[in-house]
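What the coordinates show
Each chain, letter by letter, is given below.
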Amino acid sequence: MTVFFVGAGPGDPELLTLKAQRVIAACPVCLYAGSLVPAEVVAGAPEGALVRDTAPMTLEETHAEIVAAHARGEDVARVHSGDPSLYGAIAEQIRLLRRDGIGYEIVPGVPAYAAAAAALGQELTIPEIAQSIVLTRVSMKSTSMPAGETLENFARTGATLAIHLGVRNLREIERQLVPHYGAACPVVVAYRVGWPDQRLIRGTLADIHAKVRAEKITRTALILVGPALGDGAVFPDSALYDPAVPHVLRPRVRKA
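Residues numbered from 1 in each chain as written. Predicted model: local features only at pLDDT ≥ 70, side-chain atom pairs only at ≥ 80, totals over all residues. Heavy atoms only, no water.

Quick look at the sheet that holds strand β6 (residues 133-137)
- Across the sheet, which stays open at both edges, the five strands sit in the order β6-β7-β10-β8-β9 with mixed pairing between neighbours. Every other strand in the sheet has two partners, leaving β6 and β9 (199-204) as the edge strands with one partner each. Averaged over all pairs of adjacent strands, the angle between their axes in this sheet comes to 20 degrees, without regard to strand direction.
- In terms of strand pairing, β6 meets strand β7 (residues 160-164) through five bridges, oriented parallel. Looking at the pairing, Arg 137 lines up with His 164 of β7.
- Sheet strands in contact with helix α4 (residues 112-120) are β6, β7, β8 (186-191), β9 and β10 (221-225), and its direction is about 70 degrees off that of β10.
- On top of the sheet, helix α7 (residues 208-215) reaches β8 and β9; it is set at about 150 degrees to β9, its chief contact. (Pairing = 2+ DSSP bridges. Helix = DSSP H or I, 4+ residues; strand = E, 2+ residues; numbered from the N terminus. Axes fitted to C-alpha atoms, helices over the stretch in contact; angles between N-to-C directions. Contact = heavy atoms within 4.5 Å.)

Structure representation (structure tokens):
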């Protein structure tokens, strides 16, 4: 018996990987985080499967379902949103599985920041503007952030920031980031990216709070911040396809 932590992607069932689809279709038990994973994602569970939304359940209650499935010798698809390695709360579940000698496997999924970039139709790493992406969050009512992992510290790098769980704290995000990025720095709030009611709100650090408030968005949103998000930025071409720059697969410099 194996517990499969399945990354469901941001919400669009078509963004499931082939392996994720296969695992869900094969497991007689499917436990999914219904607050972030639409029911359509687990609709491919086999007929007669036990399919439960774990949103209202505690860690202990969810683990009890897994232990019961283990006793029956039934594989479990434990379906999480995005990619399980990012804010998937799987570490504490894995700790219990190891304690009880239950095998597990992780099936990666499309993370929300990648789906948001695709919906925006742009790259997040622009030559000489931003070559790094910081995936982070703000504390709010969730677990405290480790010392040193502050928005101000990350902002000093000038990297593109992908901020989770922070849409209700935009004023504080603005306060911490403006000194480093400037008030005119582009911001995108991606609400329920990959869902039918997806919304992409563009703005700046100076006005994004008002725009999001007007849309009455209070949860399930990813915040992207950084100069790479700007329209029409002037930047050089990447050296990857430059005929004047040789590399191992194109060792000779081609003459124009």
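Considering the nonpolar core
- Formed by 25 residues in total, the largest nonpolar core has its most connected members in Ile 163, Leu 177 and Val 225.
- Going through the elements one at a time, α5 (151-155), β7, α6 (170-181), β8, α7 and β10 are the ones with two or more residues in this core.
- A total of four residues in this core trace back to one element, the largest contributor, which is α6.
- In this structure Val 225 touches Ala 159, Thr 160, Leu 161, Ile 163, Leu 177, Cys 185, Pro 186, Val 187 and Leu 205, once residues within four positions along its chain are discounted.
- By size, the runner-up hydrophobic cluster in this structure holds 19 residues, among which are Phe 4, Ala 8, Ala 20 and Tyr 32. (Core = buried A, V, L, I, M, F, W, Y, C linked by side-chain atoms within 4.5 Å. Buried < 20%, exposed > 50% of the residue type's maximum accessible area, 1.4 Å probe, protein only.)

Brief notes about helix α1 (residues 18-26)
- Listed as buried for α1 are Ala 20, Val 23 and Ile 24. Axial view of α1: buried residues confined to an arc of 95 degrees, hence all on one face. Exposed residues pointing more than 90 degrees away from the buried face of α1 are listed as Leu 18, Arg 22 and Ala 26.
- Structurally, α1 contributes buried residues whose contacts are with β1 (2-7), β4 (76-80) and β5 (103-107). (Arc of directions from axis to C-beta.)

Concerning the sheet that holds β5
- Strand order in the open sheet formed by five strands is β3-β2-β4-β1-β5, with parallel pairing between adjacent strands. Both outer strands of the open sheet, β3 (50-53) and β5, are each paired with one neighbouring strand and no more. When the angles between neighbouring strand axes are averaged without regard to direction, this sheet yields 15 degrees.
- Sheet topology places β1 next to β5; five bridges connect them, and they run parallel. Bridged to Val 3 within β5 is Tyr 104.
- Those strands touched by α1 are β1, β4 and β5, and its axis lies near 135 degrees from that of β1.

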